[in-house]
Amino acid sequence: MKNSKALFQEIVNDITEYDREEAQYIALLLLEHVLGLTRTQLLAEKQIESTPGQEALLKEAVERLNRQEPIQYILKEASFFGRKFMVSPSVLIPRPETEELVLTAINHLKSKDVATPRILDIGTGSGCIAITLACEVSNAQLYASDISHEALAVAKENATTLGANIDFIYHSILKQPLPYAFFDVIVSNPPYITEMEQAEMSSHVLNHEPHLALFVPDDDPLIFYRAIAREAKTALRYEGLLAVEINWQFGKEVALLFEQNGFAKVEIVKDISGKDRIVKGVKEL
Ligand code: GLN
């Protein structure tokens, strides 16, 4: 028998690779997951009996955390927009900034009166954007593409678990024209990190998350936005929305690209840290 709060403190102390506040947050997630207790139960100094199997899982998880592996890969689970998504190292861990991108699409559709909105997510990864939109927007028809078979497998599993009906397509926006059209919304969170930025990246991200989803090919920070704006110009319906997540350093450049491709009402939206994070525009006639 162990006291749950004492066990919590023990785990916090064992997680040496994070500062204390982060370690507390992670230890709670871990204990909730492994012991199947809520955080209220954990912190209420409950007497608990952990099995040798659970002890081994906790020990292994702490070792992996101390090798800077993200907790979401260890638990194979990440939260996004109030839902739990399965994640593996083949997909980026969903980020809170990306929830804003989902909201941008939802708000646009709320302001329109489309009976069955057609939505495309380019580079879907875990599927978090497409699946959230499928769940939040009534009668939406969702399409989601990726160039990674592994990512598409993760996204499909998430769609099944969360009851979302999505057409997944294996497609490279850099190499092929879009096979579908008449969209009301196109969203994307493409890779946007340049080589120069590698030095400043946390090793949790750099050493564990998929480089295919993070780094731009040819070190060209606009490569995806050029292809996306060009394809969206023909694949969107009149007054359809194009909204993309961006590298905060290239807000003006991406906005200019949108304008050059004939998009109107182009706006750069900041994230909660005050950094340029989303560019959006609507297709004009
Ligand atoms: N926001 C992610 C990061 O900074 C990058 C996401 C992306 O490249 N699309 O780690």
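Rules behind the numbers
- Residues numbered from 1 in each chain as written.
- Predicted model: local features only at pLDDT ≥ 70, side-chain atom pairs only at ≥ 80, totals over all residues.
- Helix = DSSP H or I, 4+ residues; strand = E, 2+ residues; numbered from the N terminus.
- Rg over C-alpha atoms; globule rule 2.2 N^0.38 Å.
- Contact = placed C-beta atoms within 7 Å.
- Near = placed C-beta within 6 Å.
- Nonpolar A, V, L, I, M, F, W, Y, C, P; charged D, E, K, R; others polar.
- Core = buried A, V, L, I, M, F, W, Y, C linked by C-beta atoms within 7 Å.
- Buried ≥ 20, exposed ≤ 12 C-beta atoms within 10 Å, placed from the backbone.
- Domains from an automatic or database assignment.
- Pairing = 2+ DSSP bridges.
- Axes fitted to C-alpha atoms, helices over the stretch in contact; angles between N-to-C directions.
- Expected span 1.5 Å × (residues − 1).
- Arc of directions from axis to C-beta.
- pLDDT = per-residue confidence, 0-100.
- Parallel < 35°, antiparallel > 145°, perpendicular 65-115°, else oblique.
- Left-handed = near helix turned anticlockwise from the far one by under 90°.

Looking at the overall build of the protein chain
Okay, step 1: Of the regular secondary structure elements, the protein chain holds twelve helices and eleven strands.
Okay, step 2: At 21 Å, the protein chain has a C-alpha radius of gyration in line with the 19 Å of a compact globule built from 285 residues.
Okay, step 3: For the protein chain, restricting intrachain contacts to residue pairs at least 6 apart in sequence, the fraction spanning at least 24 positions comes to 65%.

Looking at the site of the ligand
Okay, step 1: Around the ligand sit Arg95, Asn189, Pro190, Pro191, Tyr192, Ile193, Val205, Leu214 and Glu245, and those are all the residues in its vicinity.
Okay, step 2: For the shell around the ligand, the residue count by class is six nonpolar, one polar and two charged.

Some points on the nonpolar core
Okay, step 1: With 61 residues, the main nonpolar core has Ala105, Leu133, Leu142, Ile186 and Leu242 as its most contacted residues.
Okay, step 2: Among the elements that make up this core, the one with the highest residue count is helix 11 (residues 223-235) (seven residues).
Okay, step 3: Not counting residues within four places of it along the chain, the set of residues in contact with Ala105 comprises Ile119, Leu133, Val185, Val187, Leu241 and Ala243.
Okay, step 4: In this structure, Ile26, Leu30, Leu35 and Ala61 belong to the second largest nonpolar core, which totals twelve residues.

Some points on the domain arrangement of the protein chain
Okay, step 1: When the domains of the protein chain are assigned, the result is domain 1 (2-67) and domain 2 (89-283).
Okay, step 2: In this structure, domain 1 and domain 2 have C-alpha centres spaced 35 Å apart.

Points about the sheet that holds strand 10 (residues 263-270)
Okay, step 1: Strand order in the open sheet formed by seven strands is 7-6-5-8-9-11-10, and the pairing between neighbours is mixed. What marks the edges here is a single partner per strand, and that holds for strand 7 (166-170) and strand 10. Each neighbouring strand pair of the sheet contributes to a mean axis angle of 15°, computed without reference to strand direction.
Okay, step 2: By the bridge criterion, five bridges tie strand 5 (residues 118-122) to strand 6 (residues 141-146) in an arrangement that is parallel. Bridging across to strand 6, Ile119 finds its partner in Leu142.
Okay, step 3: Here helix 6 (residues 96-111) sits on the sheet in contact with strand 5, strand 8 (183-188), strand 9 (236-245), strand 10 and strand 11 (276-283), set at roughly 165° to strand 9.
Okay, step 4: Against the sheet, helix 12 (residues 251-260) engages strand 9, strand 10 and strand 11, with an angle of about 165° to strand 10.

Quick notes on the pairing of strand 3 (residues 77-80)
Okay, step 1: With burial as the criterion, only one face of strand 3 is covered, namely that bearing Ala78 and Phe80; the residues Glu77 and Ser79 on the opposite face remain uncovered.
Okay, step 2: Note that strand 3 and strand 4 (residues 83-86) share four bridges and pair antiparallel. Bridged to Glu77 within strand 4 is Met86.
Okay, step 3: Joining the antiparallel neighbours strand 3 and strand 4 is a turn of two residues, in which Phe81 adopts a positive phi near 50°.

Description of helix 2 (residues 20-35)
Okay, step 1: In a regular helix each residue adds 1.5 Å, so 16 residues correspond to 22 Å; helix 2 covers 22 Å between its end C-alpha atoms and thus fits that length.
Okay, step 2: Every buried residue belonging to helix 2 is among Ile26, Ala27, Leu30, Leu31 and Leu35, and all of these are buried. When helix 2 is viewed along its axis, its buried side chains cluster within an angular range of 135° and face the same direction.
Okay, step 3: Packing partners of the buried residues in helix 2 comprise helix 1 (4-14), helix 3 (39-43), strand 2 (47-48), helix 4 (52-66) and helix 5 (71-75).
Okay, step 4: Looking one or two residues past helix 2, Gly36 carries a phi angle of roughly 70°, positive in sign.

What to know about the confidence of the model for the protein chain
Okay, step 1: Summary statistics for the protein chain give a mean pLDDT of 96 and a share of 100% for residues scoring 70 or more.
Okay, step 2: We note a pTM of 0.95 for the whole complex and an ipTM of 0.92 for its interfaces.

A few points about the environment of Phe258
Okay, step 1: Relative to the helices and strands, Phe258 resides in helix 12.
Okay, step 2: Put simply, Phe258 and Lys84 are 174 residues apart on the chain and 33 Å apart in space, counted from C-alpha to C-alpha.
Okay, step 3: Beyond its immediate stretch of four places on either side in the chain, Phe258 contacts Ala229, Leu242, Phe263, Val266, Val279 and Gly281.

Quick look at the packing of helix 2 against helix 4
Each pair of packed helices can be summarised by the angle the axes make with each other and by the distance between the axes.
Okay, step 1: As a packed pair, helix 2 and helix 4 sit with axes 10 Å apart at the nearest point and diverge in direction by 150°. Relative to helix 4, the element helix 2 lies roughly antiparallel. Relative to helix 4, the crossing made by helix 2 is right-handed. Judged by residue contacts, Ile26, Leu30, Val34 and Leu35 of helix 2 engage Gln54, Leu57, Leu58, Ala61 and Leu65 from helix 4.
Okay, step 2: Across the contact of helix 2 with helix 4, the residue classes tally to eight nonpolar, one polar and no charged.

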